[in-house]
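Descriptive structure summary
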Amino acid sequence: MSDPGNEFAALMSQLDYAMLIVTAADTREQSGCLVGFTSQVSIDPPRFLVCLSVKNQTHRVAQNTDTLIVHLVGVEDEPLARLFGGETGDEVDKFAQVSWREGPGGAPVLTDLENWFAGQTLARVPLGDHVGYLLAPVEAHAGQRQAPITFQQVKSIDPGHPA
Ligand SMILES: Cc1cc2nc3c(=O)[nH]c(=O)nc-3n(C[C@H](O)[C@H](O)[C@H](O)COP(=O)(O)O)c2cc1C
């Protein structure tokens, strides 16, 4: 079989999907990053999968807590997408640059993003260089509907931690 590597990457780069910002806190630190690998994976019961790179600070923190906050990101929230996707909490305090409050499970809620849910981690599934966090929503806030910012609009951002 030929190596599908480059062709596969070319196919994946044509897809489009909503980008989200996922945050978490443990007893020592709080973290958050821009995430594209996500999906609702069950309707009843409601379940959502968020995939975090093993290199990211957010994954490190998410291993130590059962609560993740999943924020929808609108097209007008591009500066937040750039901050959370282009910088790593290993080098930069992202939360010093945004407004936030403590939310469910002590995790930071970004107050400029009014569409979000808190998920309880039911399982952590190793998937390769990402870990899948299977979430059950425990609290959800639906504010004004917005057009989501998508992968095609932000794929030029240089990730804070290269995959
Ligand atoms: C277009 C795009 C998609 C991304 N998708 C994911 C993803 O699905 N999962 C993930 O963990 N990181 C993803 N990242 C990378 C993180 O957002 C980035 O490395 C971030 O700086 C990590 O921050 P942290 O180390 O503070 O957690 C993506 C970045 C970009 C620009």
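Bear in mind the structure is a predicted one, so any value in this text is a computation, not a measurement. (Residues numbered from 1 in each chain as written. Predicted model: local features only at pLDDT ≥ 70, side-chain atom pairs only at ≥ 80, totals over all residues. Heavy atoms only, no water.)

Observations concerning the side chain of Ser53
In this structure, Ser53 sits in strand β4 (residues 47–53). Once you skip the residues sitting within four places of it in the chain, Ser53 turns out to touch His59, Asp129 and His130. (Helix = DSSP H or I, 4+ residues; strand = E, 2+ residues; numbered from the N terminus. Contact = heavy atoms within 4.5 Å.)

Notes on the site of the ligand
Around the ligand sit 27 residues, and of these Leu34, Ser53, Thr58, Glu87 and Thr88 come closest. Cys51 places a main-chain nitrogen or oxygen 3.0 Å from a nitrogen atom of the ligand. Asn56 is positioned with one of its side-chain polar atoms (N or O) 2.8 Å from an oxygen atom of the ligand. Contact with the protein chains hides 94% of the accessible area of the ligand, taken as 650 Å² for the molecule alone. (Near = heavy atom within 4 Å. Polar contact = N/O pair within 3.5 Å; in protein donor to acceptor, adjacent residues only side chain to side chain. Areas by Shrake-Rupley, 256 points an atom, 1.4 Å probe, with all protein chains shown as cover.)

A short note on the environment of Gln144
With respect to the helices and strands, Gln144 occurs in the loop between β9 (130–141) and α4 (151–154). A relative accessible area of 58% means that Gln144 is categorised as exposed. In this structure, the C-alpha to C-alpha distance between Gln144 and Glu78, residues 66 residues apart in sequence, is 17 Å. (Buried < 20%, exposed > 50% of the residue type's maximum accessible area, 1.4 Å probe, protein only.)

Side note on the pattern of salt bridges
Pairing between side chains of opposite charge can happen when their charged atoms approach one another. Applying the stated criterion across every chain yields a total of four salt bridges. Close ionic contact of Arg60 with Asp90 constitutes a salt bridge, the shortest N to O distance being 2.8 Å. A residue pair is termed long-range when its members are at least 10 positions apart, and Arg60 in helix α2 (residues 57–62) and Asp90 in the loop between α3 (78–86) and β6 (100–102) qualify at 30 residues. On the accessibility criterion, Asp90 (38% relative accessible area) is partly exposed. (Salt bridge = Lys/Arg side-chain N within 4 Å of Asp/Glu carboxyl O.)

A closer look at unusual backbone geometry
A cis geometry characterises the amide bond from Asp44 onward to Pro45, with omega recorded as 10°. Within the fold, Pro45 resides in the loop between β3 (38–42) and β4.

Digging into the sheet that holds strand β5 (residues 67–72)
Spatial strand order, β2-β1-β5-β8-β9-β4-β3: seven strands in an open sheet with antiparallel pairing. Each edge of the open sheet is held by one strand with a lone partner, namely β2 (30–35) and β3. For this sheet, the mean inter-axis angle between neighbouring strands, taken without regard to orientation, is 35°. Here strand β1 (residues 20–25) pairs with β5 via four bridges, running antiparallel. Its bridge partner being in β5, Leu20 is matched across the sheet by Leu72. In the packing of α3 onto the sheet, the strands contacted are β1 and β2, and the crossing angle to β2 comes to about 110°. (Pairing = 2+ DSSP bridges. Axes fitted to C-alpha atoms, helices over the stretch in contact; angles between N-to-C directions.)

With respect to the environment of Thr65
Looking at the secondary structure, you find Thr65 in the loop between α2 and β5. Residue Thr65 is classed as buried on the basis of its relative accessible area, which comes to 10%. As a C-alpha pair, Thr65 and Ala25 span 40 residues in sequence and 6.9 Å in three-dimensional space. Residue contacts for Thr65: discarding those within four places in its chain leaves Ala24, Ala25, Thr121 and Arg124.

Description of the packing of aromatic side chains
With the rule as written, the count across this model stands at four aromatic pairs. Taking the centre distance of 5.6 Å and the plane angle of 75° together, the rings of Phe84 and Phe95 count as edge-to-face. On the criterion of sequence distance, the pair formed by Phe84 in helix α3 and Phe95 in the loop between α3 and β6 is long-range, its members being eleven residues apart. Pair check on accessibility: Phe84 and Phe95 agree, each one buried. Between Phe95 and Trp100, the aromatic rings sit 6.1 Å apart at their centres with planes inclined by 80°, giving edge-to-face as the arrangement. The class of Phe95 is buried, set by a relative accessible area of 6%. A residue is classified by how much of its surface remains accessible, and Trp100, at 35% relative accessible area, is partly exposed. Aromatic ring contacts, followed pair by pair, group Phe84, Phe95 and Trp100 into a single cluster. (Phe/Tyr/Trp six-rings, centres within 6.5 Å; stacked < 30°, edge-to-face > 60°.)

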